[in-house]
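# Inside the fold
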Amino acid sequence: MPPAHAQIAPSLNASGATGLSVTPTAQLLPWGSASLGYDNEVVGGPITNRYGTSGHNLVAGFGLLPNLEISGRIASSNFNTNCYTANCGIRDLSFNFKAGAQIDRDGRWKIAAGGTDVGGETGNFRSLYGVLTYTPVDPLDLTVGYARRGTARNVSTPLDGPFASAAYRPLPWLQTHIEYVDSQAWAGARVYAPSEWLPAGWSAHVGANVRLRGDERTARSWLSVGLNVPLYKVPDSRPAAVSTITTTTTTATVFPSSSTPPAPPAERKAFSQDGLRVSDVPLQPDLSPPNVSPRPPASALLSVAPTASEETRAMVAANAAAASAPPPPAPVTDEQLVALGEALRAKGFEDIRVGRAPDGAVAVRVNNASYNVNTADGLGVALGVIARNLAAQRAGYRLVLMQRQLDIVGVTGQADCLAQWIALGPARCTAGQLYTPGTTAINALLADASWVVDGRSPSWATPRIILQPVLRSAVASEYGVFDHSLALRAMLQQPLWSGAWAEVAGNTPIHDSDDYKQGQVFGNSRFVNQTDRYMVHQMFRLPVERLFGKDNAETAALWGANALTGHVAAGRIDANYRGTYGEVRWEPGEGRHRLHAEAGRFERIQFYDANLPIHSRTALASYRYAYTPTRTYAEVTAGQFLYNDRGVRFGIKQWFDDVAITLYVRRTKFEWAAASRTSAGIELSIPLTPRKDMSPTYPVQVTGNPRWSYGIETVIREGSNVLSTNQGVGANVSMLDRTFNFDRAGLNYFEDNMPRIRSAARY
């Protein structure tokens, strides 16, 4: 559609589906986007004696997959009234979904099916529907569909039976519409903010809605507002700038070669504003291989007699070729290796080792403590430093990047080719090959290296302080729409020896809502000023490849024997428990599969909740499958959780760059309980720290939380929707997935993020 008339983005309506005032359309939220909406009426809610339909209608949704959107809805007559002591009208939390697709090549026909108020107890807004949208001309959408209202006693949604709508966009910033369902009709308009007022990809609107016909389940008129935010640019396809080769022993990503000459320096594109900021120390003016001017061929200076023999002619030609060959680059000196180590230190790396491999390549091993949001950034920055410092020597290089002294990823290649790839795109030669523990023994890449720089900027010399907000909440309960306790959590970590660190953490309360204050209904769950964590951790790689013998290294790599890691910890884990904990993680191959097991023995140390067991014996096993084309993870976990309830949890996690959305269903049972309880929830995970944290070159490093999460869940398949916070709880001690780039450290992930690595290399 021409952009002058195309709707900026489908928006959520009051029912929690993309559509108009009341009815859905077959359009979906764009994949990788979030949408927020607010109406100053409880649209389609039950009519209450005190409030009628007035109140607040809040919706939030995501384009979770290319053909699926999900959303949550809070409908409440008021925010704070206690429903047990006063007439609070309606207060309802519900889940909605819609799946659809276009059915023609031009995208004028779309079809979808979905449901509102799925699960839950009351079912006030429950309805299932199918819908078809046709766009005969660019500014006009015509929609027809059929809905079936739920059978719950309190159901009041008007979405029942045949429905139809028409939306018309006479101007780029204006949409008008009319709709009909269940003998009721509405009209409305939405005014969109100019795109130049908002960040790229965002859209915002205000709307006015009028009831033309029908009963009082909707007000005569009401207002709405909406906001759409892209979480990131989703991949259209596999990056074209990556090729994969496979051998019998290992799989490695090759930074591509190209027979096409690179663009001249004047045509190089500027660094993306969406990436890391441009370095104060720019790349070299020209990162293409050094232009060596050959001497004139000897044949131009010598005259060979026509009667010369073939032997003489061959000797002259050989001498001419030797004379025209460019001189070999000067070898990399120790001073240059020291300078390389200092450049890596300036970029925030630690435990720096720089030297020479037996084959003459420059060997580099660094620990990443600054690029905590995504290891791909750290890898790119390290490659950029190598390119700047070694391109002129056309030196080979071998890089191993660590996290908490565990090998995460390795790269080998030629520095001049790497510089071409960073600056110009596809190089004329191979810039590098990627290796991960699941495909090869990374430590073998630097075997027998002779180190010139050894242990520069040691990690044990820099304590870390991690600051983050922590939040406990009760959403849309009978006590209020959003009761909460908010605190600032500070954690001090002191690295010790390789793979080991000690930590202490505590909370400082910031704000409690009325129901979280001392003596109130949620008062026992509020944050208090307390230091509640003292722990010592040790990480290590389990050398199971030794079981295969020295002569079977290829077989060991094929089975991912180098990808088995462990972690043990001891101490006080939270306000309630102390004890010991252990976990193992195995990610063989290219990263599609990951197995994880954990166990802990904890004892309760103080009274907090009489329902918490005195002895906690947790034991869990999980399996994760990663589907790379859409960056979707499916994970199942089973066993005994922290509070000794046993059961299973299944989750789908969708990654949008560094934002993750997880949908999960969990069913567990306490030994003393009569029956199992099933819960479903959604969790949003975002980084609350810059892509590059403070460098650990200062006396102390202060960072945020690279993976902050907030979730909402509800009990399903029960007659009463009671609050439950002690089922399916983990020990919050696991560190292996976090260390391995939050479970994004497989070869597939790094090759899928090659554009990001190249972007970071320009920093």
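Above this text sits the structure in question.
Scope of this entry: the structure provided in the associated data block. Fair warning: this is a prediction, and the values are worked out from it, not measured in the lab.

What follows covers the overall build of the protein. Of regular secondary structure, the protein possesses eight helices and 34 strands. A total of 763 residues make up the protein; the buried ones form 50% of that total. Split by element, the accessible area of the protein, about 34100 Å² in all, is 58% carbon and sulfur.

Let us now look at the nonpolar core. L344, L379 and F750 are the most contacted members of the largest nonpolar core, which totals 52 residues. Looking at which element gives the most residues to this core, the answer is helix 3 (residues 375-390), with nine residues. Residues within four places of L379 in sequence aside, it is in contact with L399, L401, V409, V411, L434, F750 and I757. Membership of the second largest hydrophobic core comes to 14 residues, among which are A14, Y129, V181 and W222.

With that settled, the discussion passes to a nonpolar patch on the surface. Together, L595, Y623, Y625, Y627, V636, V648 and F650 line one region of the surface with nonpolar side chains, adding up to about 570 Å² of accessible area. Listing elements by their share of the nonpolar patch, those giving two or more residues are strand 28 (615-627) and strand 30 (646-656). In terms of residue count, strand 28 provides more of the nonpolar patch than any other element does, three residues in total. Its place among the elements puts Y627 in strand 28.

As a packed pair, helix 2 (residues 334-346) and helix 3 sit with axes 10 Å apart at the nearest point and diverge in direction by 145°. Here helix 2 and helix 3 pass one another in a crossing that is right-handed. Side by side, helix 2 and helix 3 meet where A339, L340, A343 and L344 of the first sit next to A382, V385, I386, N389 and L390 of the second. Looking at the contact of helix 2 with helix 3, its residues break down into eight nonpolar, one polar and no charged.

Geometrically, a packed helix pair is captured by the angle between its two axes and the distance between the axes. One can describe the packing of helix 4 (residues 415-424) onto helix 8 (residues 754-761) by two numbers: an axis separation of 9 Å at closest approach and a directional angle of 95°. Regarding the angle of helix 4 to helix 8, the classification is roughly perpendicular. Residues W421, I422, A423 and L424 of helix 4 touch helix 8, and the partners they reach there are M754, I757, R758 and A761. In the contact of helix 4 with helix 8, the residues fall into seven nonpolar, no polar and one charged.

Thresholds, definitions, all that
- Residues numbered from 1 in each chain as written.
- Predicted model: local features only at pLDDT ≥ 70, side-chain atom pairs only at ≥ 80, totals over all residues.
- Heavy atoms only, no water.
- Helix = DSSP H or I, 4+ residues; strand = E, 2+ residues; numbered from the N terminus.
- Buried < 20%, exposed > 50% of the residue type's maximum accessible area, 1.4 Å probe, protein only.
- Areas by Shrake-Rupley, 256 points an atom, 1.4 Å probe, with all protein chains shown as cover.
- Core = buried A, V, L, I, M, F, W, Y, C linked by side-chain atoms within 4.5 Å.
- Contact = heavy atoms within 4.5 Å.
- Patch = residues over 30% accessible without salt bridge, like charges linked within 9 Å, V, L, I, M, F, W, Y side chains within 5 Å.
- Salt bridge = Lys/Arg side-chain N within 4 Å of Asp/Glu carboxyl O.
- Axes fitted to C-alpha atoms, helices over the stretch in contact; angles between N-to-C directions.
- Left-handed = near helix turned anticlockwise from the far one by under 90°.
- Nonpolar A, V, L, I, M, F, W, Y, C, P; charged D, E, K, R; others polar.
- Parallel < 35°, antiparallel > 145°, perpendicular 65-115°, else oblique.

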